[in-house]
Amino acid sequence: MTATDRSIELINAAAQAAADRLAHDIIAYDVSDVLSITDAFLLASAPNDRQVKSIVDEIEERLQKELGAKPVRREGDRDARWILLDYVDIVIHVQHSEERVFYALERLWKDCPEIALPEDAVKTRGKAEEHAQLTGGTEGDLS
C-alpha cells in the first residue's frame, strides 16, 4: 500500500506552509506500509518555541483554506516544544530543534519511503545545523 493522492496533497501543502514560515529540515515519510492509522508523517523543526507555534498555525490555516482540511487533534500547544497535528490521513510533527535531535524520529522511520516535497521544503535540509553554527547552539546532525 502507498500513501493516497489526498495524503500527498496534504503533505505537500503542509511542507510548503512550513517552508514559508522558515521551518528547518522538512521531510516526509510514507508510513502506510507499517502503520494502519495514517498514511504519512511530516517532520519539521524550528530553533525556538514561538517559531514552532507560528509554523503550526500557518500549516493549519493553509490546509483549511486551500484544501478544506481540519486536524482532528492538536497536541503540544502549551510548551510549543513539539506540536502534533493529526489529520487522520497524515500526521505533522513540528518540533523545537533540541527535541528534534533528542527524539530523532527520522531514525524511527528511515526505512519508510521518503515523499517528494516542494523545492522550497527540500531547501530547508541542513538549516538547523547551519543555524546552530551561526548562533553557537548545539543542535546535532538531523540526517
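Bear in mind the structure is a predicted one, so any value in this text is a computation, not a measurement.

Considering all chains together, one arrives at 3 aromatic pairs under this definition. Arranged with centres 4.9 Å apart and planes meeting at 55 degrees, the rings of Trp 82 and Tyr 103 form a pair that is tilted. Of this pair, Trp 82 sits in strand E4 (residues 82–86) while Tyr 103 sits in helix H3 (residues 97–103), placing them 21 residues apart in sequence. Within the aromatic cluster, the residues linked to one another by ring pairs are Trp 82, Phe 102 and Tyr 103.

Take helix H2 (residues 49–67) next. Its 19 residues place the ends of H2 27 Å apart at the C-alpha level, agreeing with the 27 Å of an ideal helix rising 1.5 Å per residue. Those residues of H2 lying buried are Gln 51, Val 52, Ile 55, Val 56, Glu 58, Ile 59, Arg 62, Leu 63 and Leu 67. In a view along the axis of H2, the buried residues occupy a sector of 160 degrees, so they form one face of it. In H2, those exposed residues whose orientation departs by more than 90 degrees from the buried face are Arg 50 and Lys 65. Structurally, H2 contributes buried residues whose contacts are with helix H1 (5–20), strand E2 (40–46), strand E3 (73–75), E4 and strand E5 (90–96). The distance from a side-chain oxygen at the start of H2 to the backbone nitrogen of Arg 50 is 3.3 Å, and the residue carrying that oxygen is Asn 48.

For the rest of this paragraph, the subject is the confidence of the model for the protein. Summary statistics for the protein give a mean pLDDT of 91 and a share of 88% for residues scoring 70 or more. No element of the protein has a lower mean pLDDT than helix H6 (residues 127–135), which averages 63, and none a higher one than H1, which averages 98. Predicted confidence for residues 138–143 stays below pLDDT 50, and this span has 15 contacts to residues more than four positions away or in other chains.

Turning to the nonpolar core, a few remarks are in order. In this structure, Ile 11, Ile 26, Leu 42, Ile 59, Leu 63, Ile 92 and Leu 117 are the most contacted members of the largest nonpolar core, which totals 32 residues. Counting only elements with at least two residues in this core, the list comes to H1, strand E1 (24–30), E2, H2, E4 and E5. A per-element tally of this core places H1 first, with 8 residues. If we skip the residues at most four places from it in the chain, Ile 59 touches Ala 14, Ala 17, Ala 18, Leu 85, Tyr 87, Ile 92 and Val 94. Counting residues in hydrophobic clusters, the runner-up holds 10 residues, among them Val 31, Leu 43, Val 91 and Leu 105.

Attention now moves to the pattern of salt bridges. What the rule picks out here adds up to 18 salt bridges. A salt bridge links Glu 58 to Arg 21, with the shortest nitrogen-to-oxygen separation between them at 3.0 Å. Here Glu 58, found in helix H2, pairs with Arg 21, found in the loop between H1 and E1; they are 37 residues apart in sequence, far enough to count as distant. Judged by relative accessible area, which is 37%, Arg 21 ranks as partly exposed. Glu 61 is paired through a salt bridge with Lys 65; the nearest N and O atoms lie 3.7 Å apart.

What counts and how
- Residue indices follow the written sequence of each chain, beginning from 1 at its first position.
- For this predicted model, a pLDDT threshold of at least 70 governs which residues receive local features, and a threshold of 80 or more governs which side-chain atom pairs are given and counted, while totals over whole chains, interfaces and linings are taken from all residues.
- The basis for the side-chain values is all heavy atoms of the structure; hydrogens and waters are excluded.
- Pairs were defined over the aromatic rings of Phe, Tyr and Trp, the Trp ring being its six-membered one, requiring ring centres within 6.5 Å. Orientation was assigned from the angle between planes: stacked under 30 degrees, edge-to-face over 60, tilted for the rest.
- Comment: elements are numbered from the N terminus, with helices defined as DSSP H or I runs of at least four residues and strands as E runs of at least two.
- One fewer than the residue count of a helix, multiplied by 1.5 Å, yields its expected span.
- Only protein chains enter the accessibility calculation, which uses a 1.4 Å probe; a residue whose area is less than 20% of its type maximum is buried, one above 50% is exposed, and one in between is partly exposed.
- It is the directions from the helix axis to the C-beta atoms that the arc portrays.
- Residue contacts are counted whenever heavy atoms from the two residues lie within 4.5 Å of one another.
- Counting of polar contacts relies on pairs of N or O atoms within 3.5 Å, with two restrictions inside protein: one atom must be capable of donating a hydrogen and the other of accepting it, and residues adjacent in sequence are counted only when both atoms are side-chain atoms.
- As a per-residue quantity, pLDDT reports the predictor's confidence and falls between 0 and 100.
- Among buried residues, those of type Ala, Val, Leu, Ile, Met, Phe, Trp, Tyr and Cys that are joined through side-chain atoms within 4.5 Å constitute a nonpolar core.
- Salt bridge, as applied in this entry: a Lys or Arg side-chain nitrogen positioned within 4 Å of an Asp or Glu carboxyl oxygen.

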